[in-house]
Amino acid sequence: MTGASMKRFYKSAVGVADPEQDGQYVIHLDGKPVQTPLRVPLSVPYEALAELVANEWQAQEEDVQPAMMPLTQISITAQDYITRNRTDIESLLARYLESDLLCYPVEDPPELGKEQKQQWLPLLDWFHVRTGIRLPVQEAITVHRPSQQDLKVFADLLASMPLYEFTLFQSLASQLGSVVLALAFLDGHIDAQKALECSKLEEIFFVKHYDLAKHGPDPMQEKQQKALMRDLTAYTQLLDVLEKEKR
C-alpha cells in the first residue's frame, strides 16, 4: 500500500481472526486479506485494532486514500518496517536528544518566545522526571550533546516499548518534531489538542497575534494541522486499545 490514492474496488471491509496465526487478526476486503507493500497479509495482534483498521477501509468513498487511514499505516509500518529495522530506528530517534523542538524557543518576536517557554518548559521538566534526562533550553543555535548515560537511558526506554507503542512513538516524534511531546502523548500526559498546539505553536501564534485569521490563514498550514489532528485522534483510539489489552 503506497501513499497514492486508488479507486475503491471492494464493497465491505471486516476484521477477522487470522486462520494461519493464532491470536492475530486480518482485514478482509470482500473476503480477501489486505496486503502490505511486502505482499503479505496485514496482520494485527488485537481484535479491536482490526475493527478500527477495517472501519478506515469501510469509510473510504470512491477513492481509497491511504493518508486518511492512519491506523492502517501504523499497522503496516509495525509489520513491514519496524520489525525489520528497529535497531536503526532507535539510533535515529536518539538524535532528537540533540535537536528536540521544545529545546529551541525563539528570541524574536519575544512574545512568541515567552509563550513557547510557558508551554514547553513544564513539558521538559516532566520529561526529566519521567526519564531522568535533562534536555536544556538552547538560547542560541547550538546543538546539545547528550551524555553517554542519557543515551543509554533513552536507548533502554525505547527497547522497553512493545511493538505498537514503539511504532506510535517513532511516528509521533517525526510528526511532532519532539520525543518529549511523543512520550507525553504516549503516556497520556497530554492529549491530542495539546500535542498539536505545542508542536504548531509558532503557526498558531502568528494566526492569533497578527490577525491572519481575518486575512486568511496559510491554506497549506491549515491542511497540515487538520491532517495532524486526524492522525492524533486515531492514535488516541489505538492507545485506548493498547491500554485495555494491558488490563
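Read on for a plain summary of the structure.

Rules used in this analysis
- Residues numbered from 1 in each chain as written.
- Predicted model: local features only at pLDDT ≥ 70, side-chain atom pairs only at ≥ 80, totals over all residues.
- Heavy atoms only, no water.
- Disulfide = S-S within 2.5 Å.
- Buried < 20%, exposed > 50% of the residue type's maximum accessible area, 1.4 Å probe, protein only.
- Helix = DSSP H or I, 4+ residues; strand = E, 2+ residues; numbered from the N terminus.
- Arc of directions from axis to C-beta.
- Polar contact = N/O pair within 3.5 Å; in protein donor to acceptor, adjacent residues only side chain to side chain.
- Axes fitted to C-alpha atoms, helices over the stretch in contact; angles between N-to-C directions.
- Parallel < 35°, antiparallel > 145°, perpendicular 65-115°, else oblique.
- Left-handed = near helix turned anticlockwise from the far one by under 90°.
- Contact = heavy atoms within 4.5 Å.
- Nonpolar A, V, L, I, M, F, W, Y, C, P; charged D, E, K, R; others polar.
- Core = buried A, V, L, I, M, F, W, Y, C linked by side-chain atoms within 4.5 Å.
- Phe/Tyr/Trp six-rings, centres within 6.5 Å; stacked < 30°, edge-to-face > 60°.

### Remarks on the state of the cysteines
Formally, a disulfide is one covalent bond, and it connects the sulfur atom of one cysteine to the sulfur atom of another.
Argument step 1. On inspection of all chains with the given rule, the structure shows 0 disulfides.
Argument step 2. No disulfide involves Cys103; its nearest neighbouring cysteine sulfur is the one of Cys198, lying 13 Å away.
Argument step 3. Residue classification places Cys198 among the buried residues on the basis of a relative accessible area of 1%.

### Details of helix α8 (residues 192-199)
Argument step 1. Turning to α8, its buried residues number three or more, namely Ala192, Ala195, Leu196, Cys198 and Ser199. All buried residues of α8 fall inside an arc of 165° around its axis, so they share one side.
Argument step 2. Backbone nitrogen of Gln193 and a side-chain oxygen of the N-cap are separated by 3.3 Å at the start of α8; the cap is Asp191.

### Digging into the environment of Gln65
Argument step 1. Mapped onto the elements, Gln65 comes out in the loop between β6 (63-64) and α2 (70-93).
Argument step 2. On a C-alpha basis, the gap between Gln65 and Arg8 in space is 9.2 Å, while along the polypeptide they are 57 residues apart.

### Re unusual backbone geometry
Argument step 1. Of the consecutive residues Asp108 and Pro109, the connecting peptide bond is found in the cis state with omega at 0°.
Argument step 2. Structurally, Pro109 is set in the loop between α3 (96-99) and α4 (110-131).
Argument step 3. Of note in this structure, Asp30 is not a glycine but carries a positive phi near 50°.
Argument step 4. As for its placement among the helices and strands, Asp30 is situated in the loop between β3 (25-29) and β4 (32-33).
Argument step 5. Its identity is not glycine, yet Arg39 carries a phi of approximately 65°, on the positive side.
Argument step 6. Relative to the helices and strands, Arg39 resides in the loop between β4 and β5 (43-44).

### Quick look at the packing of α2 against helix α5 (residues 148-160)
Argument step 1. Put simply, α2 and α5 touch, their axes get as near as 10 Å, and they point 140° apart. One element, α2, and the other, α5, form an angle in the oblique class. Here the hand of the crossing between α2 and α5 comes out right-handed. Contacts between α2 and α5 involve Arg86, Glu90 and Leu93 from the first element and Phe154, Leu158 and Ala159 from the second.
Argument step 2. Partitioning the contact of α2 with α5 into residue classes produces 4 nonpolar, no polar and 2 charged.

### Re the side chain of Gln79
Argument step 1. Tracing the chain through its elements places Gln79 in helix α2.
Argument step 2. A residue is classified by how much of its surface remains accessible, and Gln79, at 17% relative accessible area, is buried.
Argument step 3. In terms of polar contacts, Gln79 uses its side chain to reach the backbone amide nitrogen of Ser43, at 2.8 Å.
Argument step 4. Other than its neighbours up to four places away in sequence, Gln79 contacts Thr36, Val40, Pro41, Leu42, Ser43 and Arg84.

### Side note on the nonpolar core
Argument step 1. One finds Ile27, Trp57, Leu93, Phe154, Phe169, Phe185 and Leu232 to be the most contacted residues of the largest nonpolar core, which totals 71 residues.
Argument step 2. Apart from the residues within four sequence positions on either side, Leu93 is in contact with Phe154, Leu158, Phe166, Phe169, Gln170, Ala173 and Val179.

### Quick look at the packing of aromatic side chains
Argument step 1. Counting across every chain of the model gives 5 aromatic pairs.
Argument step 2. Seen in terms of ring centroids, Phe9 and Tyr10 are 5.1 Å apart; in terms of plane orientation they differ by 80°. Their pairing is edge-to-face.
Argument step 3. Taking the centre distance of 6.2 Å and the plane angle of 65° together, the rings of Tyr46 and Tyr164 count as edge-to-face. Of the two residues, Tyr46 is situated in the loop between β5 and α1 (47-59) and Tyr164 in helix α6 (residues 163-176); the sequence distance between them amounts to 118 residues.
Argument step 4. Take Tyr164: its relative accessible area is 5%, and that puts it in the buried class.
Argument step 5. Members of the aromatic cluster, connected to one another through ring pairs, are Phe9, Tyr10 and Trp57.

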